[in-house]
Each structure stands twice: as C-alpha cells, then as structure tokens.
Amino acid sequence: MNQEFNQEHTPKPKKERNTFPMLMSGVAGGVIAALFTGGIFLTQLDDNQDVALENTVETEETAESLQSTDQEAVTTSNLSNENTNSISGAVEKVSDAVVGISNVQQVSLWEESDAAGTGSGVIYKSDGENAYVVTNNHVVEGAEQVEVILTNGEHVEAEVLGTDALTDLAVLQIPNDQVTTVAELGSSDELTVGETAIAIGNPLGTEFAGSVTQGIISGLDRAVDMDLNSDGQADWTTNVIQTDAAINPGNSGGALINTNGQLIGINSMKIAQAAVEGIGFAIPVSDAKPVIEQLETDGEVVRPFMGISAVDLSTVPARHVQETLKLEESVEGGIVIADVESNSPAGEAGLQQYDVVTKIDDQEISSMLDLKTYLYRETEIGDEITVTFYREGNVQTATMTLDKQEDL
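Residues numbered from 1 in each chain as written. Predicted model: local features only at pLDDT ≥ 70, side-chain atom pairs only at ≥ 80, totals over all residues. Heavy atoms only, no water.

Participant: How should the overall build of the protein be read in this particular structure?
Facilitator: Each helix and strand counted, the protein has seven helices and 22 strands in total. Taking all 408 residues of the protein together, 41% fall into the buried category. Here the protein displays about 21,700 Å² of accessible surface, and carbon together with sulfur accounts for 46% of that area. (Helix = DSSP H or I, 4+ residues; strand = E, 2+ residues; numbered from the N terminus. Buried < 20%, exposed > 50% of the residue type's maximum accessible area, 1.4 Å probe, protein only. Areas by Shrake-Rupley, 256 points an atom, 1.4 Å probe, with all protein chains shown as cover.)

Participant: Would you mind showing me how to read the packing of aromatic side chains here?
Facilitator: To describe a pair of aromatic rings, one takes the distance between the centres and the angle between the planes. All told, the structure shown has two aromatic pairs when counted by the stated rule. Summarising the aromatic geometry, the rings of Tyr124 and Tyr132 are spaced 6.4 Å apart at their centres and angled 45° between planes, so their arrangement reads as tilted. Ring geometry for Trp236 and Tyr376: centres 5.6 Å apart, planes at 40°, overall tilted. Taken together, the residues span a long stretch of sequence, with Trp236 in strand 11 (residues 236–243) and Tyr376 in helix 7 (residues 368–378) at a distance of 140 residues. Accessibility assignment for this pair places Trp236 and Tyr376 in one class, buried. Its guanidinium or amino end placed over the ring of Tyr132, Lys125 lies 5.2 Å from that ring's centre, counting from NZ or CZ. When the ring centre of Tyr376 is taken as origin, the NZ or CZ atom of Arg303, which lies over that ring, is 5.5 Å away. (Phe/Tyr/Trp six-rings, centres within 6.5 Å; stacked < 30°, edge-to-face > 60°. Lys NZ or Arg CZ within 6 Å of the ring centre and 35° of its normal.)

Participant: What's the story with helix 4 (residues 285–298) in this structure? I'm lost.
Facilitator: An α-helical turn contains 3.6 residues, so a residue and the one three or four places further along point in the same direction. Along its 14 residues, helix 4 runs 19 Å from first to last C-alpha, staying within 8% of the 20 Å computed at 1.5 Å per residue. For helix 4, the complete set of buried residues consists of Val285, Ser286, Ala288, Val291, Ile292, Leu295 and Glu296. Of the residues one or two after helix 4, Gly299 is the one with positive phi, at around 80°. (Expected span 1.5 Å × (residues − 1).)

Participant: What should I look at first to understand the environment of Ser187 in this one?
Facilitator: Mapped onto the fold, Ser187 is located in the loop between strand 8 (184–185) and strand 9 (196–201). Between the alpha carbons of Ser187 and Ser286 there is a distance of 5.8 Å; along the sequence they are 99 residues apart. Every residue in contact with Ser187, bar those within four places of it in the chain, is listed here: Leu263, Ile264, Val285 and Ser286. Engagement of the side chain of Ser187 in a polar contact is seen with the backbone nitrogen of Asp189, the distance being 3.2 Å. (Contact = heavy atoms within 4.5 Å. Polar contact = N/O pair within 3.5 Å; in protein donor to acceptor, adjacent residues only side chain to side chain.)

Participant: Help me understand the pattern of salt bridges in this model?
Facilitator: If charged atoms from side chains of opposite charge come close, those side chains can pair. Tallied over the entire structure, the rule returns seven salt bridges. Lys125 is the partner of Glu296 in a salt bridge, and the nearest nitrogen-oxygen pair spans 2.5 Å. Here Glu296, found in helix 4, pairs with Lys125, found in strand 3 (residues 113–126); they are 171 residues apart in sequence, far enough to count as distant. When its relative accessible area of 32% is taken as the criterion, Lys125 is described as partly exposed. Its salt-bridge partner being Arg303, residue Asp164 comes within 2.8 Å of it at the nearest N-O pair. A residue pair is termed long-range when its members are at least 10 positions apart, and Asp164 in strand 6 (residues 155–164) and Arg303 in strand 15 (residues 303–305) qualify at 139 residues. No difference in accessibility class separates Asp164 from Arg303, as the two residues are buried. (Salt bridge = Lys/Arg side-chain N within 4 Å of Asp/Glu carboxyl O.)

As far as function goes, none of this settles anything; it's purely spatial.
Here it is, written out as structure tokens:
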C-alpha cells in the first residue's frame, strides 16, 4: 500500500395582491366611456386596462422576487453564520483534550535521548488520579520514553498502558492534575457521507499545535490493507473513515470530531502520492472503543490463535503446487502451512507442514489475510472451528478449539 502513516509515518409567505378595486375601477371607467362614445373607446380602454393590469402584476411580482431574493440571501448568511458558530463551538468544546505526543528515543550510548517523532493524542477519560490518552501505535512505537504535551505547554511523562499494532492504537496514562478537558466519545455507526468532519492535531510537530482543519465524511467502511512488517504482504485490513479534512504528519492520533464536538474517529493515515489530494483516514471510534478498553485494563488485545505460520498458495511456484503439494488445477486458493507450533490448537488437531487450508467453517480462505480477518472478527477464544485442507491432493477436515493469541 502506497500510503504514509502520519509519523513525521457531515447533509415564504406569498404577498397577496389586492387587484379587485383596480379591476372594478377599470370596468366603471369603461362603462362610462361607452355611454359617450358608442363603445369604440371601450375596446381601447379595455386594452389599455389590460396593459396597466399586466404592468401592475409585473411590478408586484418583481418586488416580490426581489424580496424573496433578499430573504434567501439573509437565510444563506444566517446558515453560514450558524455553521461557522457550530464548528467554533465544537472545536472549543474539545480542543484542550487534544494533546501532543513526543516519542523519545536514545540515539546511541554516547548521545542524549531525543524526540524521534511527534504525533497527537486525545484525552478520553479522567478519574481520581489519572487521565487516559488514546493515540496511534505507530506514534509511540519504539519509544524509550513518551511525553504528553498539554495545551498549556506543559510536558508530562506518560506511561504506555498498552499498544496494538493491528488496530494501530495505543493507550497512555498521565497524572490528571493539569487536565482540564476530556473528549466526549461519540458514535461512528451513525455517520453519513457528506456531513461535516473536523480534524484537530499537531501537524508537523508542536509548532502548529492545535491546528484545526474542516472537511466532510468522504466515505465509510473503507478497507485499507496494512503491511505491518514491511515484507510487501498485507498483514491486516483495517476499517476506516475517509475524510478530506487535511491530515498531515503529526496529526496521527489526533481527533476527528463532528459539529457537536464529539470524537468520531482517531486520525491515522493518509494516501501520500503526488496525484492524490485530500484522502485521509481515521479509525472509527466505535471500532476503537473495545480495543481502548482492553489496552487500558489488560495492556493488550487478546485474539484467537491456531498456532500456524503459512504462505499464500498464490505465491508458491506452479511446479511445487503440482509436484510437492499434489494439488489439482481446481484448487485455486488457500494457504500453505509452513510450520505448526507444538502444543497449539493446530498441532493438537493434527495439521502438518504443507497442508493447504482452503476453508475455515464455511468461510473460503484464499490468503493469510482472509484467515486473520475471519479469526479475529468472527470467532472468540474457546470457539471450536472446522478446518478444511488438502494433504497430498486429498481433501480432509479437522476440528480444533481456538486458544489465546500471544503474539502477532
């Protein structure tokens, strides 16, 4: 995926015309003229009356049109002012809860520690002694020390309670003695394309701390592949909100809010290509909530575990597919087991090296990404699953009980 992780990586009363007196006056004049001229002038008067009446109607319609235009202009101006006030109010409500994050790393034994990068975070909770900050995992990754920079300029040392690479989330803890504002968590489940979105963060570092950009929700349920170990293969597909509110390096971990000042997303990444403009992504807050809760209490996200390492069948040379795996041409997708951990669910179920897994329960498996997506989103620890696989060209099935995922 050619994307840059921002690490430095919202959808007149009509005027009544009183023409009756005018019409009666015209008719009376016509009758009087007919009595003296034998009716010739009557016809002319009627014609002139029609013209006068038409001119009167046109004049009134023109005045009405002008009035309507003025009313529309006033209405548009009022709506614009209301929109501006709404955005300002939303920003004011949450801005002090958006903080800077400094990732401090030691360059070498002989040099002092220095900030390897900066990002943003959001204070989402405060209790008797501590406040809690959510940010991106990549913002704090590799840090020896993490500092939270409050909006008053104070640097506060933070404790990293937990991180999760798959969802790119991390939770920090700081003393709450200087915390004045906590962001209200909204819902990303009710968002609609086109509604206003506001991004708050620290683009390019603390020099531009608290920067605000406005845009719209450009798309929902966008699936973005993520290569977590830089091997050129997607390790996970994350569900994100797309927005055109400007998100730049340093905005990572910052807030995406609605016009009510509620947190609807955690800004995470953007597409960084010369031909691309205004495509940024945020982790939906409704997806983030359960992860945040696990990181805060357990320090990790617990996921189901089979105990295998594997490669996609599509990456295996055709010769080995036929000679080693002995697969028929009808088998086009699957994963080839490279190793099975001892005492793991897969090991106890009897799976072996070179088995080709093509289905978990009723779900077709064409890649490791398919496998992880199904396991992590559709199953839980302790669930029993049925694995369909090929061994030396013969289709077989095995059942196993999923265990706890210790590491990715």
